[in-house]
Amino acid sequence: MKSGRVATTVGVDVPDKMKSRIPVVLLACGSFNPITNMHLRLFEVARDHLHQTGLYQVIGGIISPVNDNYRKKDLVSAHHRVAMARLALQTSDWVRVDPWESEQVQWMETVKVLRTFLTQMSRKTVQHHHSELLRSLPQTEGLDHGRAGSTARTAGPELKLLCGADVLKTFQTPNLWKDAHIQEIVEKFGIVCVSRTGHNPKEYISGSPILHRYRHNIHLAREPVQNELSSTYVRQALSQGHSVKYLLPDAVIAYIKDHNLYTRDSSRKGSSTQRNEGKPSWGEPAPPPRSSS
Amino acid sequence: MENSKMEVVLLACGSFNPITNMHLRLFELAKDYMNGTGKYKVIKGIISPVGDAYKKKGLISAHHRVIMAELATKSSEWVEVDTWESLQKEWVETAKVLRHHQEKLEAGSCDHQQDSPVRGRPGQKRKWAEQRQDFSQKKSLEPKTKDVPKVKLLCGADLLESFGVPNLWKSEDITQIVGDYGLVCITRAGNDAQKFIYESDALWQHRNNIHLVNEWITNDISSTKIRRALRRGQSIRYLVPDLVQEYIEKHDLYSCESEERNVGVILAPLQRNTAEANS
């Protein structure tokens, strides 16, 4: 893990100090239609925030594009959305895209995605510990002695949901989320929320009894640079033939051009499918109409 | 139709300390807007980092600022960096930078007219020369400058509003900028740019030469915020191009010490214009 920047500038987050910290993986769910620099920024801001608490070490980030069955207006196929996210993350040394959610037969609630990834992670941690143990056994000399004593933590890393403040707000939208799911997310996982213009996350928390009860598990990070960039804006600009350079990585723009995505024609095609206007582009997808009660 | 469009070169002057994605977006927005009017064709963008003699607080050496701007525009097909302003010993007024680039374009177009036949393939040379002769006979009555692209100053609303800061700009320079060259100004929707133009006689007079481009989303990536984030050990990724971020880290460009540069020194334009006003 590259922690050079933090180490040289501030001088507190030296790797040794990181060792006693709780390892965290950040999971972002959403449409990523397409992925933009704003999505990528959320990860950076969230990681900086958690590191500055002194309690956590962010060891990874996962982008999980929503399933096609979410049926949101203008949603291009998951195959493309995953490919674009992958291109965008080519140069990241800590965030990766995971296509699992998008490859399922059905749309799936965010809490189930969290459960699945946590299970995967703990399985890997067990394997990792096992192999570490085997490797360190023959080494009787050196630094590994002290380290073995300090790594009392055998539990795997924590998985937290990364989201924008707009998602916290949608927790109040009737019938969008099940209360039990909200509770499980904040109780078992935790949320890192990055504030955006026009949102007051503290208000959303105090306005919800569940969020308020588990508020210690909701980390509020502030993006120092306000930016109203959204995928919707990018799609609009593209359909008007305007430049989107510097709003998303060049590799993603090239992919969009090559595959003729988000042109006026392609959005007309998309509008014939189920519309879900007004729903957040980032966060819990609305339940498919047939399953809504 | 294509020929009747005025060719435009967009010039952005500023500290670029460091260059951010927001600076680069200004060019994209301005080009889309100008081309969209149907009257203009943007053929080039120029980034002209200010010289060190500008004496702005926290301004690091032009050498680094130029390299960062060059790295940032590496992937651009139409925006480039020009070092002329940054290499001047004294601070140069923006009106003079505009004039320099307009003159360069005029000189370039003369060179171009003389060189073109030679540059063509041998077989085409004579034909091209003949065509040119016909062309120049027909057009000889029209002013030659018609074909030379026009330099326009590209800026954000903050620059437009800085016209109101006492002693920062000479009033004749403002008149020259909007009168002789023109302004393409990116403003946030609901910004007071329109009102600002209305309230200034010089700007109002040349309002047809001021193009206000509405940006609908807030994009608040200022260099000041980038430097602040760096001092605090926060990530600036995706706010500046990756190559710029790597360069900053590699050379450890921004720190609390670098921010202290020029502290207590009067900004060059203020110093010069105040002195002239008092003499």
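Residues numbered from 1 in each chain as written. Chains lettered and ligands numbered in written order. Predicted model: local features only at pLDDT ≥ 70, side-chain atom pairs only at ≥ 80, totals over all residues. Heavy atoms only, no water.

Draft legend 1. The overall build of chain B, seen in detail. Scanning chain B from terminus to terminus reveals 13 helices and six strands. By sequence separation, contacts in chain B at least 24 residues apart represent 80% of the contacts at least 6 residues apart. (Helix = DSSP H or I, 4+ residues; strand = E, 2+ residues; numbered from the N terminus. Contact = heavy atoms within 4.5 Å.)

Draft legend 2. Just the overall build of chain A, in detail. When helices and strands are counted, chain A shows 14 helices and six strands. Counting every position in chain A, which comprises 293 residues, the buried fraction comes to 52%. For chain A, the proportion of contacts with a sequence separation of at least 24, taken over those separated by at least 6, is 81%. Per element, the accessible surface of chain A, about 14,200 Å² overall, is 53% carbon and sulfur. (Buried < 20%, exposed > 50% of the residue type's maximum accessible area, 1.4 Å probe, protein only. Areas by Shrake-Rupley, 256 points an atom, 1.4 Å probe, with all protein chains shown as cover.)

Draft legend 3. Spotlight on the sheet that holds strand β2 (residues 40–49) of chain B. All names here are of chain B. Read across the open sheet, the six strands follow the order β3-β2-β1-β4-β5-β6; overall the sheet is parallel. With one partner strand each, in any of the chains shown, β3 (79–81) and β6 (210–215) form the two edges of the open sheet. With strand direction ignored, the average angle separating the axes of adjacent strands in the sheet is 30 degrees. Across nine bridges, strand β1 (residues 6–14) lies against β2 in parallel orientation. The residue of β2 that forms the bridge with Leu10 is Gly45. Those strands touched by helix α1 (residues 21–36) are β1, β2, β3, β4 (150–156), β5 (183–188) and β6, and its axis lies near 160 degrees from that of β2. (Pairing = 2+ DSSP bridges. Axes fitted to C-alpha atoms, helices over the stretch in contact; angles between N-to-C directions.)

Draft legend 4. Inspection of the pairing of β1 of chain B at higher detail. All names here are of chain B. Following the chain from β1 across α1 to the adjacent parallel β2, one finds a crossover that is right-handed. Inspection of the sheet shows β1 paired to β4 by four bridges, in the parallel sense. In the strand pairing of β4, Val9 is matched with Val151. (Right-handed = clockwise from strand over helix to strand, strands pointing away.)

Draft legend 5. Local environment of the sheet that holds strand β1 (residues 22–30) of chain A. All names here are of chain A. Reading across from one edge, β3-β2-β1-β4-β5-β6 is the order of the six strands in this open sheet, with parallel pairing throughout. Of all the strands in the sheet, just β3 (95–97) and β6 (218–222) have a single pairing partner and so form its edges. When the angles between neighbouring strand axes are averaged without regard to direction, this sheet yields 25 degrees. Packing against the sheet, helix α3 (residues 37–53) makes contact with β1, β2 (56–65), β3, β4 (158–164), β5 (191–195) and β6, and its axis sits at approximately 155 degrees to β2. Each of β4, β5 and β6 is contacted by helix α9 (residues 179–189), which is oriented at about 125 degrees to β4, the strand it contacts most.

Draft legend 6. View of the packing of aromatic side chains. Per the stated rule, a full pass over the model turns up seven aromatic pairs over all chains. Pairing Trp100 of chain A with Phe117 of chain A gives two aromatic rings, centres 6.1 Å apart and planes at 70 degrees, and the pair type is edge-to-face. Of this pair, Trp100 of chain A sits in helix α5 (residues 100–103) while Phe117 of chain A is found in helix α6 (residues 110–136), placing the two residues 17 residues apart along the sequence. Assessed through its relative accessible area of 1%, Phe117 of chain A is described here as buried. For the ring pair Tyr198 of chain B and Trp204 of chain B, a centre distance of 5.7 Å and an interplane angle of 85 degrees mean the geometry is edge-to-face. Look at Tyr198 of chain B and you get exposed, because its relative accessible area is 57%. (Phe/Tyr/Trp six-rings, centres within 6.5 Å; stacked < 30°, edge-to-face > 60°.)

Draft legend 7. Molecular detail of the environment of Leu247 of chain A. When you line up the elements, Leu247 of chain A lands in the loop between α12 (231–239) and α13 (250–258). On the basis of relative accessibility, which here comes to 3%, the residue Leu247 of chain A falls in the buried class. With 18 residues separating them along the chain, Leu247 of chain A and Leu229 of chain A place their C-alpha atoms 7.7 Å apart. When near neighbours in sequence (up to four residues on either side) are disregarded, Leu247 of chain A contacts Thr36, Asn37, Leu229 and Tyr233 of chain A together with Arg25 of chain B.

Draft legend 8. Structural view of the packing of helix α2 (residues 62–72) of chain B against helix α11 (residues 242–251) of chain B. All names here are of chain B. Viewed as axis vectors pointing N to C, α2 and α11 meet at an angle of 150 degrees, and their least axial separation amounts to 8 Å. Taken together, the axes of α2 and α11 lie roughly antiparallel to each other. Crossing handedness for the pair α2 and α11: right-handed. The residues of α11 that touch α2, namely those facing His63, His64, Ile67, Met68, Leu71 and Ala72, are Leu243, Val244, Tyr247, Ile248 and His251. For the contact of α2 with α11, the class distribution of residues is eight nonpolar, three polar and no charged. (Parallel < 35°, antiparallel > 145°, perpendicular 65-115°, else oblique. Left-handed = near helix turned anticlockwise from the far one by under 90°. Nonpolar A, V, L, I, M, F, W, Y, C, P; charged D, E, K, R; others polar.)

Draft legend 9. Expanded view of helix α13 (residues 268–278) of chain B. If you check which residues of α13 of chain B are buried, you get Ala268, Pro269 and Asn273 of chain B. The buried residues of α13 of chain B occupy an angular sector of 110 degrees when the element is viewed end-on, so they sit on one face. (Arc of directions from axis to C-beta.)

Draft legend 10. Fine view of the pairing of β4 of chain B. Residue and element names in this part refer to chain B. The buried fraction of β4 amounts to six of the seven residues, a majority that puts the element mostly inside the structure. When β4 meets β5, the two strands line up parallel, connected through four bridges. Considered in β5, the bridge of Cys155 is made with Cys185.

Draft legend 11. Region of the structure containing the interface of chain A and chain B. Contact with chain A, which involves 27 residues of that partner, is made by 29 residues of chain B. When chain A packs against chain B, the two sides together hide about 2,700 Å² of surface, and 50% of this comes from carbon and sulfur. One can count zero salt bridges joining chain A with chain B. Our enumeration of links across chain A and chain B arrives at 13 residue pairs in polar contact (both at pLDDT 80 or more). Per element, the largest residue contribution to the side of chain A that touches chain B is six residues, and it comes from α3 of chain A. Of the residues belonging to the side of chain A that touches chain B, the class tally is ten nonpolar, nine polar and eight charged. (Buried area = accessible area lost by both parts, 1.4 Å probe. Salt bridge = Lys/Arg side-chain N within 4 Å of Asp/Glu carboxyl O. Polar contact = N/O pair within 3.5 Å; in protein donor to acceptor, adjacent residues only side chain to side chain.)

Draft legend 12. Region of the structure containing the confidence of the model for chain B. Residue and element names in this part refer to chain B. In this model, chain B carries an average pLDDT of 87, and 85% of its residues clear a pLDDT of 70 or more. Considering only residues more than four positions removed or in separate chains, one finds that residues 114–145, a stretch of pLDDT under 50, has seven contacts. Reported confidences for the modelled complex are a pTM of 0.82 and an ipTM of 0.82. (pLDDT = per-residue confidence, 0-100.)

Draft legend 13. Molecular detail of helix α10 (residues 223–231) of chain B. Residues and elements named next belong to chain B. Residues of α10 that are buried include every one of Ser223, Ile226, Arg227, Ala229 and Leu230, and no others. Viewed end-on, α10 has its buried residues packed into an arc of 160 degrees, placing them on one side of the element. Residue Gly233 follows α10 closely and has a positive phi angle near 70 degrees.

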